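One-letter residues, chain by chain:
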Amino acid sequence: SETAAYNKAVTLQKLGKLEEATQAYQAFLADHPDHAEATLNLGAIYRATGKQAEGIALYNKHLKKDPYNSRILNNLAVLYRDKKDYKSAIDKVRTLLMRDQKNIDAYKNLALVYYDQGKYKLAQTILANALTMAKEQKVNDPDIHVNFGLTHLALGDKGKAMGSFKKAVEIDPNHILANYNIGALALGHRDYNLAANCYEVVQK
């Protein structure tokens with residue numbers, strides 16, 4: 001049955017059997033080409049295994065029938081960013097924002113595209129939008145603060161960076177990237193206790 005075939009692919013993915021999961025999703029999508037969740041999951045596996053081109057082709061095929069699927073557009077933007085095709089990444093995010101102006105992930109993606117290009121102030125402006133949207137929607141998103149922290153680091157403001165990473169850890173105490181960066185900054189200040197605590201979380 002449709003559900004059983006899909007669940008089998010999901011289970012293989014969760015077990016980390018990515019090659020078998022890939023085959024299971026491909027077989028499932030051959031019969032159910034419009035299934036968005038299966039498309040997203042297979043795309044995530046392609047990204048994890050460094051097959052960006054396959055992921056891009058998969059998402060673009062889905063968008064022909066479902067051109068404004070926000071999660072597909074966001075994930076596609078991420079893959080284009082991975083490939084440093086920033087123009088295409090921005091294009092996909094803009095397509096999404098034309099229809100869904102309050103999509104937090106779209107602003108986060110757009111900010112990272114500009115961050116990658118060294119446009120840190122512009123990235124901060126966009127992250128401020130993401131934060132506004134998150135507050136309006138009562139969403140506590142640690143990634144926004146982590147990304148703010150990365151832009152502050154890039155601009156040489158370690159104090160503000162530390163503040164941003166700490167805000168992220170208040171929301172999610174186990175956030176790997178936030179803890180890693182707090183640990184690195186703490187080492188710079190010779191705060192070895194804080195560094196050790198943060199790296200312990202990362203190691204876990």
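Residues numbered from 1 in each chain as written. Predicted model: local features only at pLDDT ≥ 70, side-chain atom pairs only at ≥ 80, totals over all residues. Heavy atoms only, no water.

**Some points on the overall build of the chain**
Counting its secondary structure elements, the chain contains twelve helices and zero strands. From first element to last, N terminus to C terminus, the chain shows the α and β order α-α-α-α-α-α-α-α-α-α-α-α. On the principal axes, the C-alpha backbone points of the chain span a range of 55 × 40 × 30 Å. Residue burial in the chain is summarised as follows: out of 204 residues, 44% are buried. (Helix = DSSP H or I, 4+ residues; strand = E, 2+ residues; numbered from the N terminus. Buried < 20%, exposed > 50% of the residue type's maximum accessible area, 1.4 Å probe, protein only.)

**Considering the pattern of salt bridges**
Taken as a whole and judged by the stated rule, the model has eight salt bridges. As a salt-bridge pair, Asp-34 and Lys-65 come within 3.3 Å of each other at their nearest N and O atoms. With Asp-34 in the loop between α2 (18–31) and α3 (36–48) and Lys-65 in helix α4 (residues 52–65), this residue pair connects regions lying 31 residues apart in the sequence. Of the two residues, Asp-34 and Lys-65, both sit in the exposed class. Notably, a salt bridge pairs Lys-102 with Glu-136, separated by 3.3 Å at the nearest N-O pair. One end of the pair, Lys-102, is in the loop between α6 (86–99) and α7 (104–116); the other, Glu-136, is in helix α8 (residues 120–136), and 34 residues separate them in sequence. (Salt bridge = Lys/Arg side-chain N within 4 Å of Asp/Glu carboxyl O.)

**Things to note about the packing of aromatic side chains**
A full pass over the atoms with the stated rule returns four aromatic pairs. Summarising the aromatic geometry, the rings of Tyr-6 and Phe-28 are spaced 5.7 Å apart at their centres and angled 45° between planes, so their arrangement reads as tilted. Placement of Tyr-6 in helix α1 (residues 2–14) and of Phe-28 in helix α2 is noted, with a sequence separation of 22 residues between them. Exposure class is identical for Tyr-6 and Phe-28. Each is buried. Over the aromatic face of Tyr-68 sits the side chain of Arg-99, whose NZ or CZ is 4.0 Å from the ring centroid. (Phe/Tyr/Trp six-rings, centres within 6.5 Å; stacked < 30°, edge-to-face > 60°. Lys NZ or Arg CZ within 6 Å of the ring centre and 35° of its normal.)

**Examining α8**
With 17 residues, α8 should reach 24 Å at 1.5 Å per residue; the first-to-last C-alpha distance of 24 Å fits that figure. Buried within α8 are the following residues: Ala-123, Gln-124, Ile-126, Leu-127, Ala-130, Leu-131, Met-133 and Ala-134. Considering only its buried residues, α8 is in contact with α7 and α9 (142–154). At the C-terminal side of α8, Lys-138 shows a positive phi close to 55°. (Expected span 1.5 Å × (residues − 1). Contact = heavy atoms within 4.5 Å.)

Remember, this is a structural readout, not a statement about activity or role.
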